[in-house]
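Examination of the molecular architecture
What follows is each chain in one-letter form.
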Amino acid sequence: MTVLAQNDIQTRKDVYRRHSSIFFAGGYPHMTEEYKKFQEVEKYFQQCVDSAMGSTEKMEYIKEMCIDMKNELINWNSGSTTTNADPSVSTS
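Notes on the structure in this doc start here. Within each chain, residue numbers correspond to sequence positions counted from 1 in written order. Selection of residues for local features in this predicted model requires a pLDDT of at least 70, selection of side-chain atom pairs for listing and counting requires 80 or more, and totals for whole chains, interfaces and linings are taken over all residues. Side-chain metrics in this entry use all non-hydrogen atoms of the structure; hydrogen atoms and water are not considered.

1. Details of the overall build of the protein chain
Put simply, the test is: Secondary structure is summarised from DSSP: a helix means a run of H or I of at least four residues, a strand means a run of E of at least two, and numbering begins at the N terminus for each. Type-normalised accessible area, obtained with a 1.4 Å probe on protein chains alone, sets the label of each residue: buried when under 20%, exposed when over 50%, and partly exposed for intermediate values. Whether two residues are in contact is decided by their heavy atoms, any of which lying within 4.5 Å being enough. Reported accessibility uses the Shrake-Rupley method at a 1.4 Å probe radius. Residues are deemed covered only where the shown protein chains occlude them.
If you tally the helices and strands in the protein chain, you get three helices and zero strands. Walking the protein chain from its N terminus toward its C terminus, one meets helices and strands in the order α-α-α. Taken over 92 residues, the protein chain has a buried fraction of 11%. Here the contacts in the protein chain between residues at least 6 apart in sequence split such that 32% fall between residues at least 24 apart. With an accessible surface of roughly 8,100 Å², the protein chain has 57% of that area assigned to carbon and sulfur atoms.

Right, here's the structure in full:
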């Protein structure tokens with residue numbers, strides 16, 4: 001197992017990322033705010049995945065967290081009778 005420094009995680013060239021090779025963000029100066037937010041979230045997610053590479057346990061943790069987050073987001077607005085905008089904050 002290889003231990004990577006934090007700087008190595010962001011510059012790994014041995015990991016193929018299909019979505020990263022499609023579009024160069026710096027070449028599009030008039031990005032919408034929505035697209036900028038998407039890129040920001042994608043960057044943090046990719047850093048998490050890069051940090052978990054090589055560990056089945058860490059990858060399973062990311063998978064479980066994504067499933068939980070997806071369910072929270074689905075339930076955020078659908079059928080919620082509370083006025084709480086943050087699904088992680090309990091109102092009971």
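Let's pick the thread back up.
2. Focus: helix α2 (residues 33–52)
Using the following cut-off: A helix is expected to span 1.5 Å for every residue after the first. The directions from the helix axis to the C-beta atoms form the arc being described.
When the terminal C-alpha atoms of α2 are compared, their 29 Å separation across 20 residues agrees well with the 28 Å that a helix rising 1.5 Å per residue should span. The set of residues buried in α2 consists of Gln 46, Val 49, Asp 50 and Ala 52. Buried residues along α2 cover an arc of 145° about the axis, so they all sit on one side. Exposed positions of α2 whose direction lies more than 90 degrees from the buried face are Glu 33, Lys 37 and Val 41. Backbone geometry just after α2 places Gly 54 at a positive phi near 90°.

3. Some remarks on the packing of aromatic side chains
We apply this condition: Two rings from Phe, Tyr or Trp (for Trp, the six-membered ring) form a pair when their centres sit within 6.5 Å of each other. Planes less than 30 degrees apart are called stacked, planes more than 60 degrees apart edge-to-face, and all others tilted. Working rule: Lys NZ or Arg CZ, within 6 Å of ring centre, within 35 degrees of ring normal, means a charge sits over the ring.
In total, this model carries one aromatic pair according to the counting rule given. Across the ring face of Tyr 44, the terminal group of Lys 43 is positioned such that the distance to the ring centre comes to 4.9 Å.

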